[in-house]
Amino acid sequence: MSFLKALHRAILRRPRHPLQRKFSSNGYVLKRLGSSYGGWTFADNKDLHGSVIVAAGLGEDASFDVAFAAKYNARVIIVDPTPRSAAHFHEILAALGSPASSGYVSGGKQPISAYDLSQINRDQLTLVEKALWKHEGEMRFYTPANDAHVSHSLLFGQVGTSKSHHITVQATTIAGLLGELAIEPCNIPLIKMDIEGAAFEVLETMFEDGIFPRQLLVEFDELHHLNSENYARVTNAHERITAAGYALICSDGHSNVTYFRVEFDP
């Protein structure tokens with residue numbers, strides 16, 4: 001057997017979670033906005049127009065956030081304490097009013113010129129430099145093992161590195177975030193969470209606080225490193241979400257999934 005055939009078979013034998021099966025529900029009008037790296041699929045619902053949404057996890061790809069703000073004349077609350085993310089955000093603000101002059105790139109760092117900022121005003125984009133978590137307070141935010149990467153994590157101590165490689169950030173809950181911004185939870189139709197493994201804890205606390213946005217866009221980072229522990233963690237999170245009245249309406253076949261709270265489906 002050739003090396004390539006053996007590698008292909010090994011890949012096919014890797015454990016897969018049911019959420020990693022590509023899926024799109026026919027019961028919803030689905031829309032995708034953003035780049036191939038940072039884009040998301042969601043239900044194109046009427047309550048999104050003129051709305052306020054929460055987008056946790058910016059990195060250096062704001063393609064979804066910018067496109068959403070423009071399409072729906074919406075305000076996007078971006079939550080990310082990563083220094084490079086804050087720098088990227090302020091570059092975006094400096095370019096407000098400018099049309100896109102280049103396309104998206106395939107990696108996770110988008111050029112500012114790729115964003116169409118011609119129809120967005122300053123009030124539509126807000127950055128909160130905190131980490132979402134299950135409680136408030138100071139937290140260690142672990143740096144990526146590869147310096148070329150931007151995403152930090154509250155949970156993932158990096159393989160092959162000391163857990164001393166971290167910065168200290170302020171953490172908040174969804175309820176705390178909305179309270180700080182004087183936003184009523186019932187006015188949030190969509191929350192996106194790309195928060196490097198912390199989604200389960202944040203969602204659990206959010207549900208306990210009685211906050212149930214119509215749509216949840218969640219990246220399960222554990223699916224990138226699927227072992228028995230991560231498999232169980234993702235399964236528990238999915239079961240908790242569906243128990244709260246949500247239906248899975250889309251999966252990209254990798255780690256991004258979209259839920260719609262069917263209890264309020266008209």
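The rules we used
Residues numbered from 1 in each chain as written. Predicted model: local features only at pLDDT ≥ 70, side-chain atom pairs only at ≥ 80, totals over all residues. Heavy atoms only, no water. Pairing = 2+ DSSP bridges. Helix = DSSP H or I, 4+ residues; strand = E, 2+ residues; numbered from the N terminus. Contact = heavy atoms within 4.5 Å. Phe/Tyr/Trp six-rings, centres within 6.5 Å; stacked < 30°, edge-to-face > 60°. Buried < 20%, exposed > 50% of the residue type's maximum accessible area, 1.4 Å probe, protein only. Lys NZ or Arg CZ within 6 Å of the ring centre and 35° of its normal. Polar contact = N/O pair within 3.5 Å; in protein donor to acceptor, adjacent residues only side chain to side chain. Right-handed = clockwise from strand over helix to strand, strands pointing away. Salt bridge = Lys/Arg side-chain N within 4 Å of Asp/Glu carboxyl O.

Comments concerning the pairing of strand β12 (residues 246–251)
Where strand β1 (residues 23–24) meets β12, 2 bridges bridge the pair, whose relative direction is antiparallel. Each bridged residue has a counterpart across the sheet, and for S24 the counterpart in β12 is C250. Sheet topology places β12 next to strand β13 (residues 256–261); 5 bridges connect them, and they run antiparallel. Within β13, the position partnered with Y246 by the bridge is R261. Here β12 folds back onto β13 in antiparallel fashion, the turn holding 4 residues, of which G253 has a positive phi close to 85°.

Some words on the side chain of T172
By the secondary structure assignment, T172 is in strand β9 (residues 166–172). Once you skip the residues sitting within four places of it in the chain, T172 turns out to touch K130, A131, L132, W133, H135, E136 and L177.

So, the packing of aromatic side chains
Evaluated as defined, the whole model comprises 8 aromatic pairs. Centroid distance Y28 to F260: 4.9 Å. Interplanar angle 45°. Geometry classified as tilted. With a gap of 232 residues between them, Y28 in the loop between β1 and β2 (30–33) and F260 in strand β13 connect regions that are remote in the sequence. Accessibility classification places Y28 together with F260 in one group, the buried group. Pairing F68 with Y72 gives two aromatic rings, centres 4.7 Å apart and planes at 40°, and the pair type is tilted. You can see F68 and its partner Y72 sitting in helix α2 (residues 63–72), 4 residues apart, about one turn around the helix. Pairwise contacts between aromatic rings join F42, F64, F68 and Y72 into one cluster. If you follow R261 out to its NZ or CZ, it ends over the ring of Y246, 5.9 Å from the centre.

Notes on the environment of L127
Mapped onto the fold, L127 is located in strand β6 (residues 125–128). Judged by its relative accessible area of 17%, L127 falls in the buried class. Setting aside residues up to four positions removed in sequence, L127 forms contacts with I78, D80, A86 and F89.

Overview of the environment of S63
The residue S63 is located in helix α2 in this model. C-alpha separation for the pair S63 and W40, spaced 23 residues apart in sequence, amounts to 9.4 Å. When residues no more than four places from it in sequence are discounted, the contact partners of S63 are G34, S35, G38, G39, Y104 and Y115. A distance of 2.9 Å separates a polar atom in the side chain of S63 from the backbone nitrogen of S35.

Considerations on the pairing of strand β5 (residues 75–79)
Burial analysis of β5 places 4 of its 5 residues in the buried class, which makes it a mostly covered element. The pairing of strand β4 (residues 52–56) with β5 spans 5 bridges and is classified as parallel. Note that in β5 the partner of I53 across the bridge is V76. Handedness of the crossover is the feature at issue here: the chain leaves β4, passes through α2, returns alongside β5, and the resulting connection is right-handed. Across 4 bridges, the pairing between β5 and β6 is parallel. Pairing of I78 across the sheet is with L127, part of β6. Once the chain exits β5 it traverses helix α3 (residues 83–94) before rejoining the sheet at β6, and the crossover so formed is right-handed.

So, the pattern of salt bridges
Side chains carrying opposite charge are able to pair once their charged atoms draw close together. One pass over the structure, following the stated rule, counts 8 salt bridges. In this structure, E60 and R84 form a salt bridge, with 3.0 Å as the shortest nitrogen-oxygen distance. Of this pair, E60 sits in the loop between β4 and α2 while R84 is found in helix α3, placing the two residues 24 residues apart along the sequence. With a closest N to O distance of 2.6 Å, E201 and R233 form a salt bridge. Placement of the pair is E201 in helix α5 (residues 199–208) and R233 in helix α6 (residues 228–243), with a sequence separation of 32 residues.

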